[in-house]
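Spelled out, the chains give:
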Amino acid sequence: MKHIIAVGASYVDTILTADHYPSEDEKLRASSISRRRGGNCPNTLEVLEQFIDPSADDIQLHLLAVLPSKQSDATKFIRNSFMKVKFEPSGIYRNDHNEAASSYIIKSESTDTRTIVNYNELPEMTAKEFIHKAHLMSVSEEAKEGWYHFEGRIPQTTLQCIRYLRSYLRGFKISVEVEKPGREGLMEIAAEADVVFYSKSWANAQGFQTAKDCLKKQAALTQKDALLCCTWGSEGATILQKSSDGSEGWEDVEAWKLKTPGAKVLDTIGAGDTFIAGMLFALMRHSEDWTLQQKLKFANELAGRKVIQEGFGGLS
Ligand code: FRU
């Protein structure tokens, strides 16, 4: 049995769809409201669980996240949003908190973009907590080998977690997300990972105009055989497979059918999280039998299909 352990925060998203963004001090009526579980790693797991059947398959999914108390409605809501993801023993419960981290999101129909305002009062996971959980899961055979994927929330903590995995639990591949513009320390964690997912907003904030430019620069700062992925919204995605002998394999794809007439973008929240799910699945399950281009195409199509529907259901 192999394992995918996703390490990141869980959110409850309240999503208002509006015709346009309100200007400051404006009063605006939304056309719809919805509430669903969010968070980058949980979103990725929700997609992955549609492709993985732990009873028939050899992959088990785990969420290693800080959650409110076990008895709280918020934790029940989060747990009930999954069918196959394991929360024990990986869950870290904050018993004196009853509210989950929340996001209030405005989706604008005129620009097809989403603006997110977050609030989180749950104390973040510490490196000590992570090490305790990872050790426990390994010695109890809950998760002895497989894949750790990090949202990379607090880069200094993530760095300590990765170093622990590299020194003591060697059977794991490690991927990290470099998503949030302006978050200090993300390049240091990217430098340690086997696979790195760069977002367009991070790349733009670094001054890159294309995914290829971004990856060309990051190539010098990452592991000798790392796989680097950069998604570029409606422009598709590019990946670079580095190799210890210095050779480079580049692949890119256009956004999946988004440019075809009639395709309507409905929900871009979590498109990047869906792409990550697609790549993790391809890398774990089809490492040998799919080419790099096939892996990229799979992840890209999944993200493309996700944005033309609401939420993450029905993608398999
Ligand atoms: C989308 C998302 C939302 C969540 C927010 C957290 O990628 O994970 O579900 O509210 O980002 O930053």
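Per an unreviewed UniProt entry, the chain goes by Putative ketohexokinase and derives from Zopfia rhizophila CBS 207.26.

Caption draft 1: Structural view of the site of the ligand. Around the ligand, the structure places Tyr11, Asp13, Gly38, Gly39, Asn40, Asn43, Ser103, Ile116, Asn118, Ile269, Gly270 and Asp273. Residue Asn43 places a side-chain N or O atom 3.2 Å away from an oxygen atom belonging to the ligand. The separation between an oxygen atom of the ligand and a polar side-chain atom of Ser103 is 2.6 Å. Looking at the shell around the ligand, the elements that each hand over two or more residues are strand S2 (11–18), helix H1 (40–48) and strand S8 (113–119). Looking at the shell around the ligand residue by residue, the class counts come to 3 nonpolar, 7 polar and 2 charged.

Caption draft 2: Broad picture of the pattern of salt bridges. Throughout the structure, instances matching the rule amount to 13 salt bridges. Between Glu151 and Arg153 there is a salt bridge whose closest N-O contact spans 3.2 Å. Of the two residues examined, Glu151 and Arg153, each falls in the buried class. A salt bridge links Glu301 to Arg305; the nearest nitrogen and oxygen atoms lie 3.9 Å apart. Here Glu301 pairs with Arg305, and both are found in helix H9 (residues 292–307), just 4 residues apart, close to one helical turn. On the accessibility criterion, Arg305 (23% relative accessible area) is partly exposed.

Caption draft 3: Highlighting the environment of Phe281. With respect to the element layout, Phe281 can be found in helix H8 (residues 271–285). Between the C-alpha atoms of Phe281 and Val253, which are 28 residues apart in sequence, the distance is 18 Å. Ignoring anything within four residues of it in the chain, the contact list for Phe281 reads Leu48, Phe51, Ile52, His286, Trp290 and Phe298.

Caption draft 4: Representation of H9. Taking 1.5 Å of rise per residue, 16 residues should cover 22 Å, and H9 covers 23 Å from first to last C-alpha, within 8% of that figure. Those residues of H9 lying buried are Leu292, Lys295, Leu296, Phe298, Ala299, Asn300, Leu302, Ala303, Gly304, Lys306 and Val307. Here the buried face of H9 lies against H1, strand S12 (227–231), strand S13 (237–242), strand S14 (248–253) and H8.

Caption draft 5: Local environment of the pairing of strand S4 (residues 59–64). Burial within S4 is extensive, with 6 of its 6 residues counted as buried. Where strand S1 (residues 2–7) and S4 come together, 6 bridges link them in parallel fashion. Each bridged residue has a counterpart across the sheet, and for Ala6 the counterpart in S4 is Leu63.

Caption draft 6: Highlighting the nonpolar core. Of all hydrophobic cores here, the largest spans 45 residues; its most connected members are Ile4, Leu48 and Phe275. At 8 residues, H8 tops the list of elements feeding residues into this core. Ignoring sequence-local partners within four residues, the contact set of Leu48 consists of Ile4, Leu61, Ala277, Leu280 and Phe281. Val178, Cys214, Leu215 and Trp232 belong to the second largest nonpolar core, which has 41 residues in total.

Caption draft 7: Summary view of the sheet that holds S2. With mixed pairing, the 4 strands of this open sheet are ordered in space as S3-S2-S7-S8. Two strands in the sheet have a free side with no partner beyond their single neighbour: strand S3 (32–38) and S8. Strand-to-strand twist in this sheet, taken as the mean axis angle between neighbours without regard to direction, amounts to 20°. Relative to S8, strand S7 (residues 101–108) runs antiparallel, the two being bridged by 7 bridges. If you follow Ile105 over to S8, its bridge partner there is Ile116.

Caption draft 8: Just the packing of H1 against H8, in detail. Contact geometry for H1 and H8: axes closest at 8 Å, N-to-C directions at 50°. Accordingly, the angle class assigned to the pair H1 and H8 is oblique. With respect to the hand of their crossing, H1 and H8 are arranged in right-handed fashion. Between H1, through Asn40, Asn43, Thr44, Val47 and Leu48, and H8, the contact on the second element is made entirely by Asp273, Thr274, Ile276, Ala277, Leu280 and Phe281. Here the contact of H1 with H8 is built from residues that sort into 6 nonpolar, 4 polar and 1 charged.

Conventions used here
For every chain, the first residue of the written sequence is number 1, and numbering continues from 1 onward in sequence order. With the structure being a predicted model, the display of local features is reserved for residues of pLDDT at least 70 and the display and counting of side-chain atom pairs for 80 or more, all residues being used for whole-chain, interface and lining totals. Hydrogens and waters are ignored; side-chain quantities use all the structure's heavy atoms. Consider each residue's heavy atoms; a residue with any of them within 4 Å of a molecule or strand counts as near. By the criterion applied in these results, polar contacts are pairs of N or O atoms within 3.5 Å in which, for protein atoms, one can donate a hydrogen and the other can accept it, and in which residues neighboring in sequence qualify only through two side-chain atoms. Helix numbering and strand numbering both begin at the N terminus, where a helix is a DSSP run of H or I of at least 4 residues and a strand a DSSP run of E of at least 2. Under this grouping Gly is polar, as are all residues other than the nonpolar Ala, Val, Leu, Ile, Met, Phe, Trp, Tyr, Cys and Pro and the charged Asp, Glu, Lys and Arg. Salt bridge, as applied in this entry: a Lys or Arg side-chain nitrogen positioned within 4 Å of an Asp or Glu carboxyl oxygen. A 1.4 Å probe rolled over the protein chains alone gives each residue an accessible area, and that area as a share of the maximum for its type sets the label: buried under 20%, exposed over 50%, partly exposed in between. Residue contacts follow a heavy-atom distance rule, with two residues in contact if any of their heavy atoms lie within 4.5 Å. One fewer than the residue count of a helix, multiplied by 1.5 Å, yields its expected span. Strands pair, by our definition, only if DSSP identifies at least two bridges between them. Joining through side-chain atoms within 4.5 Å is the link that ties buried Ala, Val, Leu, Ile, Met, Phe, Trp, Tyr and Cys residues into a set, and such a set is a nonpolar core. All axes are obtained by fitting lines to C-alpha atoms, using only the stretch in contact for helices, and the reported angles, taken between N-to-C directions, cover 0 to 180 degrees. Should an angle lie under 35 degrees it is considered roughly parallel, over 145 roughly antiparallel, and from 65 to 115 roughly perpendicular; all remaining angles are considered oblique. Here a crossing is taken to be left-handed if its near helix is turned anticlockwise relative to the far helix by less than a right angle, and right-handed if that turn runs clockwise.

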